[in-house]
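Analysis of the macromolecular model
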Amino acid sequence: MASKTASKTVTNSERMAVRAAEELKDHDVVFVGIGLPNLACNLARATHAPELFMIYESGAVGAIPTRLPVSIGDPALVTDSLSIVSQADIFQNYLQNGLIEVGFLGGAQVDRFGNINTTVIGDYSNPKVRLPGSGGACEIATHAKRTLIVMRMSPKSFVETCDFVTSPGTKFISKMKSPDLGRDRKDLKLEGAGPVTVITDMGVCEFRPTQAGLEMTLTEIFEGATIDQVKSKCGWDLAIAPNLKKIADPSPEVLTLLRETLDP
């Protein structure tokens, strides 16, 4: 019998975590981020992908945490992991060597081609807000075989053009000056496929061919959300798939697992 906690209203964070977990397959090698991606990976391991291979930026390889880690430096990542290596090894031997199949990213801004900004809001030389920067995001966007973007939608975060491109998408556009403007990933010789799926609090977007290039298209929408609501939270005229799919809320059993075991 499902716990009484599963009768509580489903949150957008829970919807996003469950849908992100569905993107992961058994035996995938995943570069795990903290927050919703972390929860999604641990949910996938507990349900349909028990052999998911998780690598954390801090150096934990093949981590099997007994509880949800609160940061990439959480000691829970060390217990039963395959090995602990340096950050240099993580990036050089695993990520840049083409061994990471899935990378999770988010940011302050994302555009229709999946370019992500985590560097500045406004002009780079005189910004309104200076953000944390790339960390490992640019390398993940460049080298992971496929990238999943997890972000909540708003006109400030889903923008027509990023103020700065920290992590490359399917085609390089930006307000910043660059000789690479308008070039796609193949032209730039970037190794990974780039972003393939964007999981938001309203639904899911995939990158589909348009005259402009591989562009974000809404393909799935969460229960209770409407197309008008989605469009109101997007800074450009978001393409809508003709066969738009409705995403059902998580089952009571999955909600109990999330709320009582994985993230109490």
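What comes next is a walk through the structure. Just so it is clear, the structure is predicted and the values come from calculations on it, not from any experiment.

**Some remarks on the layout of surface pockets**
- One number sums up the size of the largest pocket: a volume of about 530 Å³.
- In terms of lining residues, the largest pocket is bounded by 21 residues, among which Gly33, Ile34, Phe104, Leu105 and Gly106 are the most central.
- Broken down by class, the residue content of the lining of the largest pocket amounts to 12 nonpolar, eight polar and one charged.

**A look at empty space enclosed by the protein**
- On inspection of all chains with the given rule, the structure shows one cavity of 30 Å³ or more.
- Residues belonging to the lining of the largest cavity are distributed by class as follows: six nonpolar, three polar and no charged.

**Concerning the packing of aromatic side chains**
- Using the criterion set out here, one finds three aromatic pairs in the structure.
- A ring pair is formed by Phe31 and Phe91, whose centres lie 5.8 Å apart and whose planes are at 50°; its orientation type is tilted. Taken together, the residues Phe31 in strand 1 (residues 29–32) and Phe91 in helix 3 (residues 87–95) connect sequence positions 60 residues apart. Each member of the pair Phe31 and Phe91 is classed as buried.
- On the numbers, 6.3 Å between centres and 20° between planes, the contact of Phe158 with Trp236 is stacked. Remark: Trp236 occurs in the loop between helix 6 (227–232) and strand 14 (239–247) and Phe158 occurs in the loop between strand 10 (146–150) and helix 5 (185–188); sequence separation between them is 78 residues. Pair check on accessibility: Phe158 and Trp236 agree, each one buried.

**Here's the deal with the environment of Ser232**
- Here Ser232 is to be found in helix 6.
- We classify Ser232 as partly exposed; its relative accessible area is 49%.
- Note: C-alpha distance between Ser232 and Thr210 (22 residues apart in sequence) is 22 Å.

**Considerations on the nonpolar core**
- Residues Leu24, Val30, Cys41, Leu43, Leu52, Tyr56 and Phe104 are the most contacted members of the largest nonpolar core, which totals 33 residues.
- For this core, the elements supplying multiple residues, two or more each, are helix 1 (12–22), strand 1, helix 2 (36–46), strand 2 (53–56), strand 5 (102–105), strand 10 and helix 7 (252–262).
- Looking at this core, the element that brings in the most residues is helix 2, giving six residues.
- Beyond its immediate sequence surroundings of up to four residues, Leu52 is in contact with Leu24, Lys25, Asp26, His27, Asp28, Val30, Cys41, Ala44 and Arg45.
- Counting residues in hydrophobic clusters, the runner-up holds 31 residues, among them Val61, Ile100, Ile116 and Met216.

What counts and how
- Residues numbered from 1 in each chain as written.
- Predicted model: local features only at pLDDT ≥ 70, side-chain atom pairs only at ≥ 80, totals over all residues.
- Heavy atoms only, no water.
- 1 Å grid on protein atoms, 1.4 Å probe; cavity = no way out; pocket = protein on both sides within 12 Å on 5 of 7 lines; lining within 4 Å.
- Points joined across faces, edges and corners; volume = space filled by probe spheres on them.
- Nonpolar A, V, L, I, M, F, W, Y, C, P; charged D, E, K, R; others polar.
- Phe/Tyr/Trp six-rings, centres within 6.5 Å; stacked < 30°, edge-to-face > 60°.
- Helix = DSSP H or I, 4+ residues; strand = E, 2+ residues; numbered from the N terminus.
- Buried < 20%, exposed > 50% of the residue type's maximum accessible area, 1.4 Å probe, protein only.
- Core = buried A, V, L, I, M, F, W, Y, C linked by side-chain atoms within 4.5 Å.
- Contact = heavy atoms within 4.5 Å.

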